[in-house]
Structures are given as structure tokens and as C-alpha cells.
Amino acid sequence: MGGVLSGIRVVEQGTFITGPCAGMMLADLGADVIKVESPEGDPYRSYQGDHYSPHFQAYNRNKRSIAFDLKQSAEHLVFDGLVREADVFIQNFRPGTAARLGAGPERLCAINPRLIYASISGFGSSGPYAERPSYDSVAQALSGFLSVVVDSSRPRFLGPALADAITGIYAAYGILGALVQRSRTHEGCHVEVSMLEAMAHFAIEPFAAFFALGSTPRSSDRPRLAQAYILRTADNRLLAIHLSSLEKFWDGLIAALEAPELAADERFSDRQARISNYELLNAELDQRFSRQALSVWTERLGHNDVPYAPINGIDEVVQDLQVKHLGLIVPVESPHGGEQAVRPPVQFAGVRSASVRAAPLLDEHGKLIREALARGELWPAMGGEKL
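Quick caveat: nothing in here was measured; it's all calculated off a predicted structure. (Residues numbered from 1 in each chain as written. Predicted model: local features only at pLDDT ≥ 70, side-chain atom pairs only at ≥ 80, totals over all residues. Heavy atoms only, no water.)

Draft legend 1. Seen up close, the pattern of salt bridges. Tallied over the entire structure, the rule returns 21 salt bridges. Of the charged contacts, one joins lysine 35 and glutamate 12 as a salt bridge, the two residues approaching to 2.8 Å between their closest N and O atoms. Taken together, the positions of lysine 35 in strand 2 (residues 32-37) and glutamate 12 in strand 1 (residues 9-13) put the pair 23 residues apart, joining distant regions of the chain. The same class applies to lysine 35 as to glutamate 12, namely buried. Between glutamate 371 and lysine 367 there is a salt bridge; the shortest N-O distance is 2.6 Å. Of this pair, glutamate 371 and lysine 367 both sit in helix 18 (residues 366-374), 4 residues apart, roughly one helical turn. On the basis of relative accessible area, glutamate 371 is assigned to the partly exposed category, the value being 31%. Because the salt bridges share partners, they merge into one network encompassing Glu261, Asp265, Arg267, Glu284 and Arg288. (Salt bridge = Lys/Arg side-chain N within 4 Å of Asp/Glu carboxyl O. Helix = DSSP H or I, 4+ residues; strand = E, 2+ residues; numbered from the N terminus. Buried < 20%, exposed > 50% of the residue type's maximum accessible area, 1.4 Å probe, protein only.)

Draft legend 2. Layout of the packing of helix 3 (residues 75-85) against helix 18. The interhelical angle for the contact between helix 3 and helix 18, taken along N-to-C directions, is 80°, at an axis separation of 10 Å. Relative to helix 18, helix 3 is oriented roughly perpendicular. Contacts between helix 3 and helix 18 involve Glu75, Val78, Gly81 and Leu82 from the first element and Ile369, Arg370 and Leu373 from the second. Residue classes in the contact of helix 3 with helix 18 are distributed as 4 nonpolar, 1 polar and 2 charged. (Axes fitted to C-alpha atoms, helices over the stretch in contact; angles between N-to-C directions. Parallel < 35°, antiparallel > 145°, perpendicular 65-115°, else oblique. Contact = heavy atoms within 4.5 Å. Nonpolar A, V, L, I, M, F, W, Y, C, P; charged D, E, K, R; others polar.)

Draft legend 3. The environment of valine 11, seen in detail. Residue position: valine 11 is located in strand 1. Take valine 11: its relative accessible area is 0%, and that puts it in the buried class. Residues valine 11 and phenylalanine 89, spaced 78 residues apart in sequence, show a C-alpha to C-alpha distance of 4.8 Å. Setting aside anything within four residues of it in sequence, one finds valine 11 in contact with Ile34, Val36, Phe79, Leu82, Ala86, Val88, Phe89, Ile90 and Trp379.

Draft legend 4. Structural view of the side chain of lysine 35. With a relative accessible area of 0%, lysine 35 lands in the buried category. In this structure the side chain of lysine 35 is engaged in a polar contact, spanning 2.8 Å, whose partner is the side chain of glutamate 12. Dropping the residues within four chain positions of it, lysine 35 is found in contact with Glu12, Gly14, Pro20, Asp42, Phe56, Asn60, Lys63, Arg64, Ser65 and Ile66. (Polar contact = N/O pair within 3.5 Å; in protein donor to acceptor, adjacent residues only side chain to side chain.)

Draft legend 5. Examining the layout of surface pockets more closely. Quantified by volume, the largest pocket comes out at close to 1100 Å³. Mapped onto the lining of the largest pocket, the elements with two or more residues apiece are helix 1 (18-28), helix 2 (54-59), helix 7 (162-185), helix 16 (314-319), strand 10 (329-333), strand 11 (340-342) and strand 12 (356-357). In the lining of the largest pocket, the residues fall into 32 nonpolar, 4 polar and 4 charged. Estimates place the volume of the second largest pocket at around 820 Å³. Contributing to the lining of the second largest pocket are 24 residues, with Val149, Asp151, Ser219, Pro223 and Ile230 lying nearest its centre. Within the residue set of the lining of the second largest pocket, elements represented by two or more residues are helix 10 (221-226), strand 7 (228-232), strand 8 (238-242) and helix 14 (278-289). Classifying every residue of the lining of the second largest pocket by side-chain character gives 11 nonpolar, 7 polar and 6 charged. (1 Å grid on protein atoms, 1.4 Å probe; cavity = no way out; pocket = protein on both sides within 12 Å on 5 of 7 lines; lining within 4 Å. Points joined across faces, edges and corners; volume = space filled by probe spheres on them.)

Draft legend 6. Quick peek at the sheet that holds strand 3 (residues 63-67). The strand order across the open sheet formed by 6 strands is 3-2-1-4-5-6, and the pairing between neighbours is parallel. The outermost strands of the open sheet, each flanked by one partner alone, are strand 3 and strand 6 (189-194). Along the sheet, successive strands turn relative to each other by an average axial angle of 20°, direction set aside. Across the sheet, helix 3 touches strand 1, strand 2, strand 3 and strand 4 (88-91), and the angle it forms with strand 1 is around 135°. (Pairing = 2+ DSSP bridges.)

Right, here's the structure in full:
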């Protein structure tokens, strides 16, 4: 993508997911992101025993890498050269760590008053939890998010690192807002976001229900109110349907099932009755869907305009007809590892990314960046280096 953020320069001093995700969101939109790492590299590089793990690749594409030992004062000259001309700085250290490394907001914003400085933390920069370590599962739990998505009788964490990624996305959202503000004020801004705040906001609907109704939401509320079901078919596949509040979808389901007796059942006579008897209806649907294979149900549900989807594995998503039509899977330029990736989801004027650049090796661009800074190029351009 040529990029709506082309010309925006970002220094990202992030590790694991939250900071790197924020940097990736900006890089995917065309920002020039230089990832600053310690000599040992982002710990996420070695998440599964390698120094270029797929987990690291996921959140660090479209960036350049330079390694600094900021415990040595001489390294700050090069580091400061990047910051001086940057538009954005991102870090996700525990509170106080960036300042100890000479990368705190007071120092960097004094070097560059137009800098948008983004701090990402677990619980905020002050308060009784500020010094506690936080990871994805901790933020999901403390924010209330887990309580409204996990079955308390069989509690299990969800697969992806949702709190980490969502916090990174919120950080990018805040940075973009600060860049718009700077276009009016010509002044930088300190943007702060914590995992706790991001996940509480992400669960905004259950909070609204609690404030309005006075009862504590449970994990079963959303699927029950939305009339959403996960059903197993005769060939042991899982299928999701979502009836929402429109009666036509219930009518379509009845037609697909060829089950007029369900429509005549007083327990399911209207949406409120189906909400009240959610578990009973789930059992009735389970029984009926188990009689035919997935392919039969997808044809019938599609024919009757019922919102549905098979629960696809990642391998099946890659081969899905709509995914292929959208060009969602794109090649990786100069791959050091995987050769394909999921492109950014947003299109601008009908144009979408046709490829992504591989995540950098540790210090892959360090020599070229240092040489450019030595020549007086305060922000080295992405010129002929292989990305």
C-alpha cells in the first residue's frame, strides 16, 4: 500500500505484542516504522525456541530493525537522532522503565516537542496496581471481559491474545487522534493506554447493561439475547447460526429444518420465548442438525437466507471462496520465514495492500540507519535496502 500514513515516521521500542501491534497498525497504513530493540532482541522473537518466531513475525511486518544498548550513553546519540525527527514514539514497558533507559516522555518530548509519545501499560502509570506485571490473561480477567465470554462451569482461556492485540489497536487509535490534533496545534502529545482500560472499553456493552439494569452480565447473556447457536452436524462439523431479532431469520430456520412443529411450539412462539427457553431450543436444534452433514445445512440455510457460517479452521479460511475473492491472503516480500500473510483489512478508494514486507531480522537495518545518521540524514529514508 502506498499508504495514507506515508511520510509519518515512527520509532517503536516495543516488546511482545501491545507495542509491536500498535506499530504494525501504523506500518500497515504506510508509516515508516523503525523498531528499536535491545542487543538481545524482542523476547517474542524466541517465543518458541527460534529467534524469528511466527509470533514475532505476526506483529512486526512492514518495519525496519536497529539494535541499541541504551545503557551505554554513546548509543543515545544515534537513538536521539531518530527521535528528533520522528512523529511518533511507542513503548510498552512497565511504568518507570522507559525513563530509566533515557526514553521517558519528558526527555524525548524535550528533544522533539512535536512528538506523539505513546505509553502502553498493564494498569496505568499510577495507582495501586501500577507496578504489577500484566499479561494478556491478567487483563482479560481483571477487566471483566473473561466473565462475559467464558463458561464458568468449564472455564478456559480463549485462544488468541485478545487483550494484547486489542490494546495495541487502541493505542494506534489514540496515536492517530493525536496526529490529527497536532495538525491543528502543531504540538505533540503524550498518549497513554492500559490493557485494563482497553479491555473494559472493549466490553462496553456488558457494562452498559449493568449500569442500566443493575444485574451482573454473564457469559450466556450475549448468545441468548442474540439467539446465536453453535451446532454439531452429522459429519462432526461445527456450524454457527445467528438469528438476531428479526423474525424472518427464525422463519428461514424453520423452513431450512422443515420443522413446522418448532414454529407451533409455544416455548418458541416469539423471540422473547426463545430467549427464555434458550437451552431447550439449543437442545432441539442440536438434535435436528445432527441428522445431516454440514454441506446439506449450508445449502439449506443459504437458500433460506439464515445468517450462518461453518466454524472454519485456519487452513479452511485460507481456501474460503470469499477470502480468495477479497485477496485477504497476500505474499510476503523478502520472506525470512513464512511466505504468506493476512493483509490489512482496510481499503482506501478501492485500493488494498497486495503484499506485506517481512518482519525484520534483529538489527537488519542497523548499519544502514547508523550510516545515514552519520551523514546527517536525521531520518534515514527507506532507500535501496532490501526489506
